[in-house]
Amino acid sequence: MSAGREQVRVQAAEVVADRVFAAASSRVAAGIAAALNERSAVSGIVHVGPHAVTNCRVMSLVEAGMLQAVDLAAYERYQATPSAPMLAPGDDYSLIPWSLAGFAADAAAWGADVVFTPSGLVRTGDSHALAAVIEAGNNAGSSTVVTTVAVPQEWLTRTHRPRLLRELQRSTRPVALVVIGQLDPYEDPEVAQGLLAVLDACPGKIFHHRTDMTAIETLGRGGLAASIGVTTSLRHTIPPGRRAQKRRRPARLRRPLHVFVPGITEFRDVAELEAWFGDDAPECALADCCARPLTSFSHEASD
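This write-up is about the structure you can find in this document. (Residues numbered from 1 in each chain as written. Predicted model: local features only at pLDDT ≥ 70, side-chain atom pairs only at ≥ 80, totals over all residues. Heavy atoms only, no water.)

Two numbers describe how helix α6 (residues 161-170) lies on helix α7 (residues 189-201): the axes approach to 10 Å, and their chain directions differ by 30°. Regarding the angle of α6 to α7, the classification is roughly parallel. You can see that α6 and α7 cross each other, and the crossing is right-handed. Seen from α6, the contacting residues are R161, L164, L165, L168 and Q169; seen from α7, they are E190, Q193, G194, A197, V198 and A201. (Axes fitted to C-alpha atoms, helices over the stretch in contact; angles between N-to-C directions. Helix = DSSP H or I, 4+ residues; strand = E, 2+ residues; numbered from the N terminus. Parallel < 35°, antiparallel > 145°, perpendicular 65-115°, else oblique. Left-handed = near helix turned anticlockwise from the far one by under 90°. Contact = heavy atoms within 4.5 Å.)

Shown next, in the form of structure tokens:
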């Protein structure tokens, strides 16, 4: 399958079935690749991003036996439309028109066992664009192709779920499902239920791409395969042009801590002394005491 291995080309579904991949967006160090090879729980790497094919080639030279897939992540910068569901290179000087089959063949020549289609993000409710993404994948003309379906989490809600299921069931290829949303989309019970509905409606077809340990649940529920991102941004894909949200931790209530200040013969809170003195807080001047800066005390039992 990969460069350096003389094997018969098989269908993408057979290559990825029941496997968990690591999704990586930069070149994977040889040491990490060797570690992945030694762990049966992780079966290969999905190279993600504009340089996925190049990174795949580099990996082929280092680890010829590593199972590899490539995903250009077009959905991070392009929105699918009914007339142009995929992001094709804009090379006006090429004598040979771009084709998905040609792209898949080139990627395979550089070591890719599986090629994800460069599908754009399908805007919530745009059923025509979703249908076009599925149709383009069906017509790919290459056994290595997996159809990428990148959708905002709202597609998994009750409102849009029926149309999503209908189009996914039309796919004649494995589907790499990328659910896009802030933080963890599956914290919303309706979205989580939508994922289960997809797995039930499309048994053995869904490659749950760029997720977290939900990958294990996917395989247990009849999913085809899954990939776990090696970084947070590869485990939870955010909408294009947006910044990742961060969870706001509730402020912790601070317990006051008062110490005796000899110069004014009063007890004052350590926080107040920190504001007064900064790093130049006076030392404890009590006889036979510790001679420590007054701002260094805490609620520890030793103090």
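The discussion continues.
Attention now moves to the side chain of R210. With respect to the helices, strands and loops of the structure, R210 is situated in strand β7 (residues 206-211). R210 sits in the buried class, given a relative accessible area of 4%. A distance of 2.8 Å separates the side chain of R210 from the side chain of E76, its partner in a polar contact. At 3.2 Å, the side chain of R210 and the side chain of T237 are in polar contact. In this structure R210 touches V48, A73, Y75, E76, S227, S233, L234, R235, H236 and T237, once residues within four positions along its chain are discounted. (Buried < 20%, exposed > 50% of the residue type's maximum accessible area, 1.4 Å probe, protein only. Polar contact = N/O pair within 3.5 Å; in protein donor to acceptor, adjacent residues only side chain to side chain.)

One can describe the packing of helix α5 (residues 127-138) onto α6 by two numbers: an axis separation of 9 Å at closest approach and a directional angle of 15°. One finds that α5 runs roughly parallel with respect to α6. Seen along the crossing, α5 lies across α6 with a hand that is right-handed. Residues S127, L130, A131, I134, E135 and N138 of α5 lie in contact with α6, whose contacting residues are R163, L164, E167, L168 and R170. Here the residues of the contact of α5 with α6 sort into five nonpolar, two polar and four charged. (Nonpolar A, V, L, I, M, F, W, Y, C, P; charged D, E, K, R; others polar.)

By themselves, these figures tell us nothing about what the structure is for.
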